[in-house]
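Here is what each chain is made of, one letter per residue.
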Amino acid sequence: MAVYRKDIRVKRFPVVERGGSHYEDIAGLALDNSINHLNHCYKSKLCGAEGAVEFRDGGVYTYDNHGKRYLDCLGGYGIFNVGHRHPKVINAVKAQLDQVCLHSQDLLNPWAAHLASQLAAIAPGDLQYSFLCNSGTEAVEGAIKLARLYTKKTEIISTKNAYHGVSMGALSATGRDVFRKPFEPLLNGFTHVPFGDIEAMEAAITPETAAVILEPIQGEGGINVPAAGYLRKVRQLTKKHGVLLILDEVQTGMGRTGRMFACDHEGVVPDILCLAKALGGGVMPIGCFMSTSKIWKVLEPNPSIHNSTFGGNPLACTAASACIEVLLEEHLPARAAVMGNYFMRKFNELKDKYPGFIADVRGMGLLIGLEWTSKELREKVQVELFHRGVLVAATMNANRTMRIEPPLIITESQINLMIETLEGIISEITEEELVELNAEAAAEIKASKKAKAAEPKVRRRRVACPRYGMKLVLAPVKKGKKKDASKKKGNKLKAEPSKNAKGGKKSKKGAGDKSKGRK
Ligand SMILES: Cc1ncc(COP(=O)(O)O)c(C=O)c1O
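What am I meant to see in the packing of helix α14 (residues 375-387) against helix α15 (residues 412-428) here?
Packed helix pairs are specified by the crossing angle of their axes together with the interaxial distance, meaning the distance between the axes. Orientation of α14 relative to α15, taken along the N-to-C sense of each, is 125°, at an axis distance of 10 Å. When the axis of α14 is compared with that of α15, the two are oblique. You can see that α14 and α15 cross each other, and the crossing is right-handed. Facing α14, whose interface residues are Val 381, Glu 384 and Leu 385, α15 presents Thr 421, Leu 422 and Ile 425. Of the residues assigned to the contact of α14 with α15, the class counts are four nonpolar, one polar and one charged.

What follows is the structure, given as structure tokens:
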């Protein structure tokens, strides 16, 4: 008989019974186990502190163990596009449970093949092949590997503040030090240019560049929508230099921004497309990266050169297939566009009515960023929304920004309810309280203005760039500084890229780091 270190029999998940103090017991146990066996920080997590335990969900709502209902404007960080527990997805998975759950790995897997054919049908352009995995991080990891394998080059250009996941490859593409620094050295060959800056991107391209990886809208970076035409210009640029374009639509995909994929807004077809999150219909975890038959050829000699045991499992595939059907049958991408416009109009009305609270409203479809005037204010409003039954959260790389990512099935009256709740909270915050909440942010702004004023003045020159039909702003050449020949295109491996390539004629490498970005 096996001997366990501890008696596992006491570790059964509590059976739910109605009435009495049973729900409180479950909540207490969940909090204890979370603190002691997941992470001690659960002690201070909002729901933990409230004794609120997730209990059931459906549609646009989540319910806690007390029976309290929460309007879900967070959408599980963008996984519930078709809503919580959509009946079509649930029924497909239930039926699949009675047939095959995980695949043998030996016989043909009809569910994976069917899903891949559906993905090819909805994907932009000639993206035809899919590799099925289990998460967004894995999709990005695979995309990076495919780009390197196909081009036989190693360098990848990403953007500052990008979020592509946290495995070592995906993390190398992620553009924020707080995630990256503790794990360095990461993969060689990654550069990060300011999001939205086509000139910096071109300057960062070298003969060794395999790919550019980009979110069409930066999600975790703070719901940053680039200027119209940016994605098209990136596509033109990458084509011109023979560089692959990887679009990470893990968060923007599956109808979230008002089209099936965010790149559809500009008619851009990437070479590699990454999907995950909502692809699983809010029921199963699944991710994928897709590409063209031309690029996929490099996976033919050894198809298992990149692989995953659970990737393409029948349960996840049936959920994803049902999800795609629901998105199309219920016209959810178009619905996201309409409801997103309505939501943003309402947020803008609040912004104008209560100056000093909301700094910016931005987004596309139902991927909306609500930037507050300070992190402290965002936190206060978020906690209050929770108490009043609305779920929201911050974006990971921009803590003043509240993400609004509800299921795409949200109705106008549910949006009105969220807006009324929000207005109730804002109107209760006194002027003194607002000043106090914004004090730190105000001090930061003051300090950065002072630092900027102390910087030596540089005269800027505007020149037309006919190739991209835009104006570029160039710093003038400083007298007496010689161009560093080691930073020329082709010499990048020998040169350590300068972090502050100010002055001197702008070198290709230095330009990638010259700006502090948009935020
Ligand atoms: C754009 C993007 N890519 C990749 C990821 C990583 O996905 P996952 O958390 O499923 O690994 C995320 C997660 O938020 C994301 O937003």
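Back to the text.
How do you make sense of unusual backbone geometry when you look at a structure like this?
Residues other than glycine predominantly adopt negative phi, and peptide bonds predominantly adopt the trans conformation. A cis amide bond, omega 5°, links Glu 184 with the succeeding residue Pro 185. The residue Arg 85 is not glycine, and still its phi comes out positive at about 50°. Judged by the 15 C-beta atoms lying within 10 Å of it, Arg 85 is partly exposed. A positive phi is found at Lys 152, a non-glycine position, where the angle reads about 60°. Relative to the assigned elements, Lys 152 resides in the loop between α6 (136-151) and β5 (155-159).

Sorry if this is basic, but what is going on with the sheet that holds strand β7 (residues 209-214) here?
By way of backbone hydrogen bonds, the strands of a sheet pair with one another, either parallel or antiparallel. With respect to topology, seven strands assemble into an open sheet ordered β4-β10-β9-β8-β7-β5-β6, the strand pairing being mixed. A strand with exactly one partner marks an edge of an open sheet, and here the two such strands are β4 (129-133) and β6 (190-193). With direction set aside, neighbouring strand axes in the sheet form an average angle of 20°. In this sheet, β6 lies alongside β5 in parallel orientation, the contact comprising four bridges.

What is the right way to look at the sheet that holds strand β14 (residues 393-395) in this model?
Reading across from one edge, β11-β12-β15-β14 is the order of the four strands in this open sheet, with antiparallel pairing throughout. Each edge of the open sheet is held by one strand with a lone partner, namely β11 (358-364) and β14. This sheet shows a mean twist of 35° between the axes of neighbouring strands, independent of strand direction. As judged from the four bridges shared by strand β12 (residues 367-372) and strand β15 (residues 398-404), these two strands associate in the antiparallel manner.

Before we go on, may I ask you to explain the site of the ligand in this structure?
Among the 15 residues in the neighbourhood of the ligand, the closest are listed as Ser 135, Gly 136, Thr 137, Gly 165 and Val 250. Here the shell around the ligand is built from residues that sort into five nonpolar, seven polar and three charged.

Looking at this structure, how should I read the nonpolar core?
One finds Ala 147, Ile 246 and Ala 319 to be the most contacted residues of the largest nonpolar core, which totals 120 residues. No other element matches the 10 residues that helix α12 (residues 314-329) contributes to this core. Ignoring sequence-local partners within four residues, the contact set of Ile 246 consists of Ala 143, Ala 147, Ala 211, Val 212, Ile 213, Pro 270, Asp 271, Ile 272 and Cys 274.

Honestly, helix α13 (residues 332-353) in this entry has me stumped. Any pointers?
A turn of α-helix holds 3.6 residues, and therefore any two residues three or four places apart point the same way. Compared with an ideal rise of 1.5 Å per residue, which puts 22 residues at 32 Å, α13 spans 31 Å between its outermost C-alpha atoms and is within 8% of the ideal. All of the buried residues along α13 are Leu 332, Pro 333, Ala 336, Met 339, Gly 340, Phe 343, Met 344 and Phe 347. On an axial view of α13, the arc spanned by its buried residues comes to 145°, and they lie on one face. Those residues of α13 that are exposed and angled more than 90 degrees off the buried face are Arg 345, Asp 352 and Lys 353. The inward-facing, buried residues of α13 abut α12, β11, β12, β15 and α15.

Quick question: what am I supposed to make of the pairing of strand β1 (residues 54-58) here?
Residues in a regular strand project their side chains so that they alternate between the two faces of the sheet. Summarising the sheet, β1 and strand β2 (residues 61-64) pair through four bridges and their orientation is antiparallel. Following the sheet pairing, Arg 56 is matched in β2 by Tyr 63. The turn joining β1 and β2, which pair antiparallel and follow one another in sequence, is formed by two residues; a positive phi near 65° is taken by Gly 59.

Would you explain the confidence of the model for the protein in this entry?
In low-pLDDT segments, the atomic positions of the prediction should not be examined closely. Residue-level pLDDT values for the protein average 88, and 84% of them are 70 or greater. Between the elements of the protein, mean pLDDT differs from a low of 36, seen in helix α18 (residues 508-511), to a high of 99, seen in strand β9 (residues 272-275). Contacts for the low-pLDDT stretch residues 465-474, under 50 throughout, to residues beyond four places or in other chains number 13 contacts. In this model residues 477-519 is a low-confidence stretch, pLDDT under 50, and it forms 63 contacts with partners more than four residues away in sequence or in other chains.

What am I meant to see in α12 here?
With 16 residues, α12 ought to run about 22 Å at 1.5 Å a step, and its terminal C-alpha atoms sit 22 Å apart, in line with that. Of all 16 residues in α12, 13 are buried; the element is thus mostly enclosed. Of the residues one or two after α12, His 331 is the one with positive phi, at around 50°.

Got a minute to help me understand the environment of Thr 395 in this structure?
Within the secondary structure, Thr 395 sits in strand β14. Given 23 C-beta atoms within 10 Å, Thr 395 falls into the buried group. Counting along the chain gives 173 residues from Thr 395 to Gly 222, while the straight-line C-alpha distance between them is 5.5 Å. For Thr 395, the contacting residues outside a window of four places in its chain are Gly 219, Glu 220, Gly 221, Gly 222, Ile 223, Gly 369, Thr 401 and Arg 403.

Explain the pairing of β15 to me, please; I cannot follow it from the model alone.
Counting buried positions along β15 gives six out of seven residues, so the element sits mostly inside the fold. The pairing of β14 with β15 spans three bridges and is classified as antiparallel. For Ala 394, the partnering residue across the bridge sits in β15 and is Met 402. Hairpin remark: β14 followed by β15, antiparallel, with two residues in the connecting loop.

What counts, and at which threshold
Residues numbered from 1 in each chain as written. Predicted model: local features only at pLDDT ≥ 70, side-chain atom pairs only at ≥ 80, totals over all residues. Axes fitted to C-alpha atoms, helices over the stretch in contact; angles between N-to-C directions. Helix = DSSP H or I, 4+ residues; strand = E, 2+ residues; numbered from the N terminus. Parallel < 35°, antiparallel > 145°, perpendicular 65-115°, else oblique. Left-handed = near helix turned anticlockwise from the far one by under 90°. Contact = placed C-beta atoms within 7 Å. Nonpolar A, V, L, I, M, F, W, Y, C, P; charged D, E, K, R; others polar. Buried ≥ 20, exposed ≤ 12 C-beta atoms within 10 Å, placed from the backbone. Pairing = 2+ DSSP bridges. Near = placed C-beta within 6 Å. Core = buried A, V, L, I, M, F, W, Y, C linked by C-beta atoms within 7 Å. Expected span 1.5 Å × (residues − 1). Arc of directions from axis to C-beta. pLDDT = per-residue confidence, 0-100.

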